[in-house]
Amino acid sequence: MRRYDVIVVGAGVAGSLVAHRLGRNGRRRVLVLEAGAAGPGAHEAGADPLTAYLTAAARLPGDRHRPHPAAASPGMTDLVGTDGSPGFRAAGHLRQDGPLPYASGYVRANGGTGTVWTGLAPRMLPEDFDTEPFGYGRRWPLTYDDLEPHYRAAEEHLGVAADAGEQRAHLGLRFPDDYVYPMRPLPAARLDRLFADRLDGRRVKDPVAVREVELKVVGTPHARNGVPDPRYDGGRGYVPRGRDGRRDPDSRCVGNASCIPYCPSYAKYTPLKTQGRWSASVTLRDRSVVSRVLVDGRGRATGVEYRSYDGEVSVAHADVVVLAAHAVENARLLLMSGLAGRSGQVGRNLMDHPVLLTWGLLPEGEHAGSYRGPGSVSGFEGFRAGPGRRLRAPFRVEFGTWGWIWATGPVDTDVDHFLTGRGLSGRELRAAVGDRIRRQFALQFEMEQGADPANRVTLHPSERDALGLPRPLVTYDLDDHVKEGMVAARAVSDQIFALLGAEDHTDYAPPAAWPGRFEHRGRAYGYRGAGHAAGTHLMGDSPATSVVDAWQRCWDHPGLYAVGCGSMPSVATSNPTLTMAALALRSAERIEADLTDRDRPLSTGPTTRGESA
């Protein structure tokens, strides 16, 4: 039985980065165990992911992967809205028993959910690292400035396109004075330019925080190849990476509008690019479902037990074990192993970004430029910070440039509206559908959700998966802080629609399409899950109140790390992938330092008469 320096559980963003950093120069023997299938192509999720997607029955974001029952993933069709209480029904891998649904899924496949993400890569704000002064949430055991160098490292590795000056001026982010992103910001979408012309400098009222906010269109950082900035890295510039991580100056975003599920130009970062840069000392073993973390009599991690799809049990040993299997699956694995339980926080504090959607039509004759480029390029950032977050959840406002697809479904629904609802056909049908799609836009209000121990992942008491392992069970709800954020967001949306002269088509019906539906202060609201699970093995500065320390080391078990968004004490208002990547690179540095200390020969030092060496 071969022994490794490090075992990494999960080959998503965090796991792939940790394996790359530790395997650099072939120094460390790293085994990566992935529950999903790697596919026949080297480091590819499938031989032809586009064909897999197009031939799927429903064509949902994760359909480029064909999950195996032994490594099932929660999917969008697992959750259905119902009349009555609770207003949803959950099936599939992830079972639920909360008042409201946890509305996000994840992918158990090589590369994980990082193969189907949007590619947005903003940083957290400095004040996001401690929300306790605002009366909610948890304080991080590190600060923005502690993480800032690792943000830069993550931006280099993921290949981020943005304008540091714009981020500094409009978000208050701190960078080294001469810092520029690897690539220049992506060009503004047509909708962004229209919003900037019509809305920049206009003020809207926040009725909950009782203040006015000036609107300003600000570009969002993207982990997506654009135009390299020649000033990057002291004038050495940056070369974009294409398929499988190879340097490819011609791999650029060309506006395919298929970022989810698949970027055919390989412009968007995925963990498969990192895997393409792994050294020969990193071994990927797919179709390997880890069922238990092994520890010795002193509680130190010694390895893992894992199962093949046919149920065969194997064991691998290492000096360090890194759990990087997603916030839900990390918690599930710790619970199945009976580990890290001193604080009672394993599985607790599950967070997401509940997304309030509003959607409408621009006035006749105006075009939104729907389905040209990424799903969102810019947004309004003025609601993310400040004292208003004492009274309501802060939020980012993303501009949805893919029509109403997230709100009401693909363009088939627009065809059906005119074909069966209006009786149009032929030329009239084409004209009506074309006009409707050209004018469609959406606003996506991404809410911060604070850490709440009642929102949690546990093991289902009776239901088992195909390998006989307990299914994860989620209990989830939204508190009044989040709901008040949605009150503010809907009021802001109403004012923006009025300023644009747009038709508001927002309607959280029928119930079956909106499992995340509730009433608050006499008004109906509906939310989608952003896929941003966090908080199930929180980091902190005390083993009595947290699961891992500031390096993502499990307090109770030397040699065991739990990395990823599950360590985050707050999810703030930023898409969390860049922060997760920065934390993973930071932890990898700590692991490498520990292994270096392990390998350093013991020094006996000089001895004097009468002393033993």
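Computed from a predicted model, the values in this text were never measured in an experiment.

A. Geometry of the overall build of the protein. Scanning the protein for helices and strands turns up 13 helices and 22 strands. A compact globule built from 613 residues would reach a C-alpha radius of gyration of about 25 Å, and the protein, at 24 Å, matches this within 12%. Projected onto its principal axes, the C-alpha positions of the protein cover 95 × 55 × 50 Å. For the protein, the proportion of its 613 residues judged to be buried stands at 58%. Counted over contacts in the protein with a minimum sequence separation of 6, partners at least 24 positions apart contribute 73%. Accessible surface, the protein: about 23700 Å² in total, of which carbon and sulfur atoms supply 49%. Seen as two clouds, the 75 positive and the 72 negative side-chain charges of the protein have centres 3 Å apart.

B. Summary view of the packing of helix H1 (residues 13-23) against helix H13 (residues 577-599). As a packed pair, H1 and H13 sit with axes 9 Å apart at the nearest point and diverge in direction by 35 degrees. When you trace H1 past H13, the crossing you get is right-handed. In contact with Val13, Ala14, Leu17, Val18, Arg21 and Leu22 of H1, H13 contributes Thr577, Met580, Ala581, Ala584, Leu585, Ala588, Glu589, Ile591 and Glu592. Taken together, the residues of the contact of H1 with H13 sort by class into 11 nonpolar, one polar and three charged.

C. Examining the packing of helix H10 (residues 412-419) against helix H11 (residues 426-439) more closely. Between H10 and H11, the least distance of the axes is 10 Å, while the angle of their chain directions is 135 degrees. Compared by their axis directions, H10 and H11 come out oblique. Relative to H11, H10 is oriented so that their crossing is right-handed. Only Leu429, Ala432, Val433, Arg436 and Ile437 of H11 make contact with H10, whose side of the interface consists of Asp414, Val415, His417, Phe418 and Leu419. Looking at the contact of H10 with H11 residue by residue, the class counts come to seven nonpolar, one polar and two charged.

D. Spotlight on the sheet that holds strand E18 (residues 470-475). Spatial strand order, E5-E18-E17: three strands in an open sheet with mixed pairing. Here the strands that pair on one side only, and so sit at the sheet edges, are strand E5 (95-96) and strand E17 (456-464). Bridge count for E17 against E18 is five bridges, and the pairing is antiparallel. Paired with Arg464 across the bridge in E18 is Pro470. Contacting E17 and E18, helix H8 (residues 327-337) runs over the sheet at an angle of about 65 degrees to E17.

E. Structural context of the pattern of salt bridges. Scanning the entire structure with this criterion turns up 44 salt bridges. For the salt bridge of Arg598 with Asp5, the shortest nitrogen-to-oxygen distance reads 2.9 Å. Taken together, the positions of Arg598 in helix H13 and Asp5 in strand E1 (residues 3-9) put the pair 593 residues apart, joining distant regions of the chain. Residue class for Arg598 comes out partly exposed when judged on its relative accessible area of 36%. Judged by relative accessible area, Asp5 falls into the buried class, the value being 3%. Where Arg332 meets Glu329, a salt bridge forms, and the shortest distance between an N and an O atom there is 3.0 Å. Here Arg332 pairs with Glu329, and both are found in helix H8, just three residues apart, close to one helical turn. The class of Glu329 is buried, set by a relative accessible area of 7%. A single network of salt bridges, built from pairs that share partners, joins Arg3, Asp5, Arg27, Arg28, Arg29, Asp319, Glu592, Arg598 and Asp599.

F. Just the nonpolar core, in detail. Among the nonpolar cores identified, the biggest contains 100 residues, and Val6, Leu158, Val322 and Leu560 are the most heavily contacted of them. With nine residues, H13 is the largest single contributor of residues to this core.

G. Region of the structure containing the environment of Val218. Note on placement: Val218 falls in strand E8 (residues 217-219). Sequence-wise, Val218 and Gly382 are 164 residues apart; in three dimensions their C-alpha atoms are separated by 9.6 Å. With sequence-adjacent residues up to four places away left out, Val218 is seen in contact with Glu166, Gln167, His170, Leu171, Ser378, Gly379 and Glu381.

H. The arrangement of the pairing of strand E7 (residues 211-214) in detail. As judged from the four bridges shared by strand E6 (residues 203-206) and E7, these two strands associate in the antiparallel manner. The residue bridging Val204 from the neighbouring strand is Val213, located in E7. The loop that links E6 with its antiparallel partner E7 comprises four residues; one of these, Val210, has a positive phi angle of about 55 degrees.

I. Just the packing of aromatic side chains, in detail. Inspection of the entire model under this criterion finds 20 aromatic pairs. Both rings, one in Tyr102 and one in Tyr476, keep their centres 5.5 Å apart while their planes meet at 75 degrees; by these two values the pair is edge-to-face. Within this pair, whereas Tyr102 is found in the loop between E5 and helix H3 (144-158), its partner Tyr476 is found in the loop between E18 and helix H12 (480-500), the two being separated by 374 residues in sequence. When the ring of Tyr508 is compared with that of Trp514, the centres are 5.1 Å apart and the planes differ by 80 degrees; the resulting orientation is edge-to-face. For Tyr508, a relative accessible area of 4% corresponds to the buried category. A relative accessible area of 2% places Trp514 in the buried class. An aromatic cluster is built from Phe195, Phe380, Phe399, Phe441 and Phe497, whose rings are joined through pairwise contacts. One Lys or Arg, Arg389, reaches over the ring of Phe134 and ends 5.2 Å from the middle of that ring. Here the basic side chain of Lys483 rests over the ring of Phe518, its NZ or CZ set 5.1 Å away from the ring centre.

J. Main features of unusual backbone geometry. Residue Ser85 is joined to Pro86 through a cis peptide bond whose omega torsion reads -5 degrees. Residue position: Pro86 is located in the loop between strand E3 (79-81) and strand E4 (88-90). Geometrically, the link from Ile260 to Pro261 is a cis peptide bond, its omega value of 20 degrees lying close to zero. Looking at where Pro261 falls in the secondary structure, it is placed in the loop between helix H6 (232-235) and helix H7 (271-275). Look at Arg521: it is not a glycine, yet its phi comes out positive at around 55 degrees.

K. Region of interest: H12. Look at H12: 30 Å from first C-alpha to last across 21 residues, which is about the 30 Å you get at 1.5 Å a residue. Just past H12, the residue Gly501 takes up positive phi, approximately 70 degrees.

L. How the structure looks around H1. Counting buried residues in H1 gives 11 out of 11 residues, a clear majority hidden from the surface. Buried within H1 we find Val13, Ala14, Gly15, Ser16, Leu17, Val18, Ala19, His20, Arg21, Leu22 and Gly23. In the segment just after H1, Asn25 is the residue with positive phi, at about 65 degrees.

M. Spotlight on the environment of Ala189. Its place among the elements puts Ala189 in the loop between helix H4 (164-171) and helix H5 (190-199). Residues Ala189 and Ser378, spaced 189 residues apart in sequence, show a C-alpha to C-alpha distance of 7.9 Å. Sequence-distant contacts of Ala189, that is, excluding residues within four places in its chain, are made with Val377 and Thr401.

The rules behind each value
Once a new chain begins, its residue numbering starts again from 1 and follows that chain's sequence as written. Reporting in this predicted model follows two pLDDT cut-offs: at least 70 for local features of residues, and 80 or more for side-chain atom pairs to be given and counted; totals over whole chains, interfaces and linings ignore these cut-offs and use all residues. Values reported for side chains reflect all heavy atoms of the structure, with hydrogen atoms and water molecules removed beforehand. In this text, helices come from DSSP runs of H or I with a minimum length of four residues, and strands from runs of E with a minimum of two, each type numbered from the N-terminal end. A radius of gyration in this sense is built from C-alpha atoms; the matching globule rule multiplies 2.2 Å by the number of residues raised to 0.38. Residue exposure (1.4 Å probe, protein chains only): buried if accessible area is under 20% of the type maximum, exposed if over 50%, otherwise partly exposed. We call two residues in contact when some of their heavy atoms are within 4.5 Å. Each accessible area value is a Shrake-Rupley result obtained with a 1.4 Å probe; residue values ignore everything except the protein chains displayed when judging cover. Positive charge is attributed to Lys and Arg, negative charge to Asp and Glu, and no charge count is given to His or to the chain ends. Where a charge lies is defined by one atom per residue type, namely NZ (Lys), CZ (Arg), CG (Asp) and CD (Glu). All axes here are fitted lines through C-alpha atoms, helices being fitted over the stretch that makes contact, and every angle between N-to-C directions spans 0 to 180 degrees. Helix crossings get a hand from a simple test, with the near helix turned counterclockwise from the far one by less than a right angle marking a left-handed crossing and a clockwise turn marking a right-handed one. Only Asp, Glu, Lys and Arg are considered charged in this grouping, and only Ala, Val, Leu, Ile, Met, Phe, Trp, Tyr, Cys and Pro are considered nonpolar; every other residue, Gly among them, is considered polar. Each angle receives one of four descriptions, namely roughly parallel if under 35 degrees, roughly antiparallel if over 145, roughly perpendicular if within 65 to 115, and oblique otherwise. Pairing between strands is defined by DSSP: at least two bridges between the two strands are required. Every case where a carboxyl oxygen of Asp or Glu lies within 4 Å of a side-chain nitrogen of Lys or Arg is listed as a salt bridge. What we call a nonpolar core is a set of buried Ala, Val, Leu, Ile, Met, Phe, Trp, Tyr and Cys residues that are connected through their side-chain atoms within 4.5 Å. Aromatic rings from Phe, Tyr and Trp, taking only the six-membered ring of Trp, are treated as a pair when their centres fall within 6.5 Å; an angle between ring planes under 30 degrees marks them as stacked, one over 60 as edge-to-face, and anything in between as tilted. Charge-over-ring contacts are defined here by two conditions on Lys NZ or Arg CZ: a distance within 6 Å of the ring centre and an angle within 35 degrees of the ring normal. Helix span, expected: 1.5 Å multiplied by one less than the number of residues in the helix.

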